Amino acid sequence: MKGLDLTSALTYPLAVEPQTGDGSAVAVAPGVLWLRMPLFAALPWINVWAIADGPGWSIVDTGLKSAKTTDAWAAAFARMLEGAPVTRVVVTHMHPDHCGMAGWISERFNARLWMSRLEYLSCRLMAADTGRAAPADGIAFGRAAGWDEEAIERYKTKFGSFGEMIYPLPDSYQRLSDGDSLRIGAHEWWVVVGSGHSPEHACLYCPELKLFISGDQVLPRISSNVSVYPTEPEADPLDDWLRSLADIKQRIPDDVLVLPAHNSPFKGLHARIEELLESHRTGLARLERALTKPSRAVDVFGALFARPITPNVLGMATGEAVAHLNYLVHRGRAVRAQDGNGVNWWTLTP
């Protein structure tokens with residue numbers, strides 16, 4: 001999302017950070033280790049967490065399935081985790097950088113996967129698309145947003161790649177639900193579910209240690225993608241997202257150390273939530289100004305994003321633009337009309 005850098009209210013208390021992929025770790029609290037797993041050039045790593053759990057470790061999030069991540073976990077098991085077993089694998093949500101190696105670790109240690117129901121089932125469903133041709137509904141969704149034929153062909157080529165980034169999940173799991181309490185080692189961790197970025201994102205809060213594992217629900221320097229997808233084109237995930245942020249602010253004290261999936265652990269949870277809420281409010285105001293004339297989803301990118309939208313991020317940008325447009329429609333502030341070519345045009349409500 002566009003907007004000013006409003007993160008000056010945040011502090012980053014840890015002077016040392018782990019290296020990516022070499023098995024090193026940094027203690028963020030007694031029995032809680034911070035590790036990094038390799039990702040892509042644009043987003044080079046993801047934070048994962050190891051929590052002392054009796055004779056071994058509970059792992060929270062796992063990284064993307066790749067040879068580099070496999071090597072990184074092997075180094076971590078041998079080095080920082082000192083050969084102790086993994087007792088359970090906890091996944092915050094279904095995106096491949098979080099669950100990509102969950103099946104591999106679970107299989108290696110015969111450890112139970114812990115995940116919310118919607119995240120587990122959604123992941124299994126999307127992975128099953130591997131090898132399928134792109135569906136007509138997905139093509140129609142892109143065309144309705146204003147994609148040209150080159151973008152449609154790129155979508156057809158890439159469709160089904162989700163499953164390639166994930167080691168198959170176990171055929172059974174332990175369900176996480178909002179309000180659940182998990183005893184991990186010496187401490188209780190409470191499940192706090194959010195929505196919008198993904199269907200049923202499970203954060204973990206430990207009152208005794210004053211830690212909040214936020215996954216992608218609250219990030220300190222970037223805003224998580226909130227998208228509409230072809231499978232549910234009328235969805236209103238932005239409303240889910242804004243409500244979830246407000247709920248987290250209400251339920252989690254401001255004095256926690258936030259352990260996010262990306263960037264660095266920080267303090268200032270409530271300030272960051274307010275920044276994220278304000279960023280979306282500002283984006284919606286810019287979007288309404290852009291809709292004084294009929295516009296397609298691809299026409300409003302400039303109102304919502306600070307950087308140019310290149311082909312490799314077109315899908316995410318389109319999903320987020322439609323999420324903001326749907327938000328306005330659901331509140332009676334905009335209307336949508338489809339032309340004879342299947343393209344959606346949005347305008348302010350008369």
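Please refer to the structure higher up on the page.
Residues numbered from 1 in each chain as written. Predicted model: local features only at pLDDT ≥ 70, side-chain atom pairs only at ≥ 80, totals over all residues. Heavy atoms only, no water.

**Here we look at the sheet that holds strand β11 (residues 211-215)**
Ordered in space as β8-β9-β10-β11-β12, the 5 strands form an open sheet in which the pairing is mixed. This sheet does not close on itself; its edge strands, each paired only once, are β8 (181-184) and β12 (257-260). When strand polarity is set aside, the average angle formed by the axes of neighbouring strands in this sheet is 30°. (Pairing = 2+ DSSP bridges. Helix = DSSP H or I, 4+ residues; strand = E, 2+ residues; numbered from the N terminus. Axes fitted to C-alpha atoms, helices over the stretch in contact; angles between N-to-C directions.)

**Focus: the packing of helix α8 (residues 269-290) against helix α10 (residues 314-330)**
Contact geometry for α8 and α10: axes closest at 11 Å, N-to-C directions at 80°. One way to sum up the angle between α8 and α10 is to call them roughly perpendicular. On α10, the residues that touch H280, L284, L287 and E288 of α8 are E320, H324, L325, Y327 and L328. (Parallel < 35°, antiparallel > 145°, perpendicular 65-115°, else oblique. Contact = heavy atoms within 4.5 Å.)

**What about the pairing of β8?**
Burial of β8 is one-sided: the residues L182 and I184 facing one way are buried, the residues S181 and R183 facing the other way are not. As judged from the 4 bridges shared by β8 and strand β9 (residues 187-194), these two strands associate in the antiparallel manner. The residue of β9 that forms the bridge with I184 is H187. With antiparallel pairing between neighbouring strands as the criterion, β8 and β9 make up a hairpin whose turn holds 2 residues, including G185 at a positive phi of roughly 60°. (Buried < 20%, exposed > 50% of the residue type's maximum accessible area, 1.4 Å probe, protein only.)

**Brief notes about the side chain of S244**
Relative to the helices and strands, S244 is located in helix α7 (residues 237-251). Among the residues examined, S244 registers a relative accessible area of 10% and is labelled buried. Here S195 takes part through its backbone nitrogen, which lies 2.8 Å from a polar atom of the side chain of S244. Polar side-chain contacts of S244 include one of 2.9 Å to the backbone oxygen of D240. (Polar contact = N/O pair within 3.5 Å; in protein donor to acceptor, adjacent residues only side chain to side chain.)

**Points about α7**
The terminal C-alpha atoms of α7 lie 21 Å apart, and with 15 residues this matches the ideal 21 Å at 1.5 Å per residue to within 8%. Buried-residue contacts for α7 involve β9, β11, α8 and α10. (Expected span 1.5 Å × (residues − 1).)

**Things to note about a nonpolar patch on the surface**
A contiguous nonpolar patch, built from F40, L43 and I222 and spanning about 240 Å² of accessible area, is present on the exposed surface. Of note, L43 is situated in the loop between β2 (32-38) and β3 (45-53). (Patch = residues over 30% accessible without salt bridge, like charges linked within 9 Å, V, L, I, M, F, W, Y side chains within 5 Å. Areas by Shrake-Rupley, 256 points an atom, 1.4 Å probe, with all protein chains shown as cover. Salt bridge = Lys/Arg side-chain N within 4 Å of Asp/Glu carboxyl O.)

**Comments concerning the environment of A52**
With respect to the helices and strands, A52 occurs in strand β3. When its relative accessible area of 30% is taken as the criterion, A52 is described as partly exposed. Note: C-alpha distance between A52 and A186 (134 residues apart in sequence) is 8.2 Å.

**Remarks on the packing of aromatic side chains**
The final tally for this structure, using the stated rule, is 9 aromatic pairs. One aromatic cluster is present, formed by W73, F77, W104 and F109 through successive ring pairs. Above the face of the W114 ring, R88 is positioned so that its terminal group lies 4.8 Å from the ring centre. Between R221 and the ring centre of Y12, over which it is positioned, the NZ or CZ distance is 4.3 Å. (Phe/Tyr/Trp six-rings, centres within 6.5 Å; stacked < 30°, edge-to-face > 60°. Lys NZ or Arg CZ within 6 Å of the ring centre and 35° of its normal.)

**Topic: the layout of surface pockets**
Think of a ball as big as a water molecule: rolled over the atoms, this probe shows where empty space is left. In this structure, the second largest pocket encloses a volume near 220 Å³. Elements supplying a minimum of two residues to the lining of the second largest pocket: α5 (136-145), α10, β13 (334-338) and β14 (344-348). With 5 residues, α5 is the largest single contributor of residues to the lining of the second largest pocket. Partitioned by chemical class, the residues of the lining of the second largest pocket number 9 nonpolar, 3 polar and 3 charged. (1 Å grid on protein atoms, 1.4 Å probe; cavity = no way out; pocket = protein on both sides within 12 Å on 5 of 7 lines; lining within 4 Å. Points joined across faces, edges and corners; volume = space filled by probe spheres on them. Nonpolar A, V, L, I, M, F, W, Y, C, P; charged D, E, K, R; others polar.)

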